[in-house]
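Commentary on secondary and tertiary structure
Given next are the chains, with one letter for each unit.
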Amino acid sequence: MTQVISTSEFLSTRKQTIESALPDYIQSLSIPESLKESMLYSLEAGGKRLRPVLVLATLSSFGKSESLGIPVGCAIEMIHTYSLIHDDLPCMDDDDLRRGKPTNHKVFGEALAVLAGDGLLTQSFQLISTIDHPEVTAEMKLQLITELVDAAGIKGMVGGQVADMEGEKKSLSLEELEFIHEHKTGKLLEYSIIAGAILAGASKEEIEKLREFSFHLGLAFQIRDDILDIEGDQEKIGKPVGSDKENEKTTYPALLTLEGAKEKLVTHIQLAKMNLHQLLITTTLLEGLCDLIAMRDH
């Protein structure tokens, strides 16, 4: 019980840390005011801030200063937010609500929403390339950017989104569904953990073990999402429940039944923790975040 509380406190306080830092990276830019307003509208709309918190948690697990991870954490949140803006567009998922508020294109129009997403994406790379910290070397920055290209681009989130769109109204196999979620959602979660490890100076062996950990964590996250689309609270998740069924999407509950999906969730959390236990770092915090992901209500 104590561990869940301490992990919850970590999530809450570090979320505040990220939310305090995030707007400053956009407010200071000399760009058209309408573009800045659109970018900040979605960036400040709330959310779990799980990805940047994972960066800080990984640094903490290696005994490193969390301040090293704030710029990278904010860059990841910019990319995550851009993906949500674009996902909500009429040409994609055509959603009216995101995090309980009208979606970006509903407020600013489709053209500006597209450009706001583009702006957040490109600014994220600039943010990483200009990190000014004595412990962050040029080699680390290059590695962070290279990994991010794979996670957010055609080998990761973008490729996963394409597979997701092409899989709509089709009966997918479990393997096809896992491919979509590993790439569309899991790769950016994985990057958050790997980025923390890079900044912490982790060895290649430690990084590869953390990839295995984050693979299972990413799938667990998506399975929980699918479960919440059936039995979640619309006010808490910030968008209508039941949209997956309405859009004829293949989900874990659709393939495995709701009970089967819950069992699969437990399995992936257990496998994630098993990989953590093979590392010589303090795993308590990352284990606690595993449990919070498995039990989250939004």
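Preceding this paragraph is the structure being described.
Residues numbered from 1 in each chain as written. Predicted model: local features only at pLDDT ≥ 70, side-chain atom pairs only at ≥ 80, totals over all residues. Heavy atoms only, no water.

This paragraph deals with empty space enclosed by the protein. Tallying each qualifying case throughout the model produces two cavities of 30 Å³ or more. Empty space within the largest cavity amounts to approximately 100 Å³. When residues of the lining of the largest cavity are traced back to their parent elements, those giving at least two are α3 (33-43), α5 (70-87) and β2 (101-102). With three residues, α5 is the single largest residue contributor to the lining of the largest cavity. (1 Å grid on protein atoms, 1.4 Å probe; cavity = no way out; pocket = protein on both sides within 12 Å on 5 of 7 lines; lining within 4 Å. Points joined across faces, edges and corners; volume = space filled by probe spheres on them. Helix = DSSP H or I, 4+ residues; strand = E, 2+ residues; numbered from the N terminus.)

Right, let's get into the nonpolar core. Counting 77 residues, the largest nonpolar core has V72, Y191, L210 and F213 as its most contacted members. Ranked by residues supplied to this core, first place goes to helix α10 (residues 174-199) with ten residues. The residues contacting V72, other than those within four sequence positions of it, are I128, I131, L144, Y191, A195 and L199. (Core = buried A, V, L, I, M, F, W, Y, C linked by side-chain atoms within 4.5 Å. Buried < 20%, exposed > 50% of the residue type's maximum accessible area, 1.4 Å probe, protein only. Contact = heavy atoms within 4.5 Å.)

Now for the packing of helix α11 (residues 204-231) against helix α15 (residues 258-276). Contact pair α11 / α15: the axes reach a minimum separation of 8 Å and the direction vectors enclose 160°. Relative to α15, the element α11 is oriented roughly antiparallel. In this structure, α11 meets α15 at a crossing whose hand is left-handed. (Axes fitted to C-alpha atoms, helices over the stretch in contact; angles between N-to-C directions. Parallel < 35°, antiparallel > 145°, perpendicular 65-115°, else oblique. Left-handed = near helix turned anticlockwise from the far one by under 90°.)

Before going further, it helps to examine the pattern of salt bridges. Per the counting criterion, the structure on display carries 17 salt bridges. Put simply, D164 and K184 hold a salt bridge, and the shortest N to O gap is 2.8 Å. One end of the pair, D164, is in helix α9 (residues 157-166); the other, K184, is in helix α10, with 20 residues separating them in the sequence. By relative accessible area, which is 10% here, D164 ends up buried. Judged by its relative accessible area of 19%, K184 falls in the buried class. Between K249 and D164 there is a salt bridge whose closest N-O contact spans 3.5 Å. (Salt bridge = Lys/Arg side-chain N within 4 Å of Asp/Glu carboxyl O.)

Here we take up helix α4 (residues 50-61). Across its twelve residues, α4 extends 16 Å between first and last C-alpha, which sits within 8% of the 16 Å expected from 1.5 Å per residue. Counting buried positions along α4 gives eleven out of twelve residues, so the element sits mostly inside the fold. Residues L50, R51, P52, V53, L54, V55, L56, A57, T58, L59 and S61 constitute the buried set of α4. A positive backbone phi angle near 75° is found at G63, which sits one or two residues after α4. (Expected span 1.5 Å × (residues − 1).)

On the surface, I154, V158, V162 and M165 cluster together into a nonpolar patch covering about 340 Å² of accessible area. With respect to the element layout, M165 can be found in helix α9. (Patch = residues over 30% accessible without salt bridge, like charges linked within 9 Å, V, L, I, M, F, W, Y side chains within 5 Å. Areas by Shrake-Rupley, 256 points an atom, 1.4 Å probe, with all protein chains shown as cover.)

With that settled, the discussion passes to helix α8 (residues 138-152). Note: α-helices contain 3.6 residues per turn, so residues at a spacing of three or four share the same orientation. The terminal C-alpha atoms of α8 lie 21 Å apart, and with 15 residues this matches the ideal 21 Å at 1.5 Å per residue to within 8%. Where α8 is concerned, the buried positions are M140, K141, L144, E147, L148, A151 and A152. With its buried residues spanning 135° around the axis, α8 presents them on a single face. In α8, the exposed positions that point more than 90 degrees away from the buried face belong to A138, E139 and L142. Residues of α8 that are buried sit in contact with α5, α7 (110-129), α9, α10 and α11. (Arc of directions from axis to C-beta.)

Scope: geometric values only; no functional claims are made or implied.
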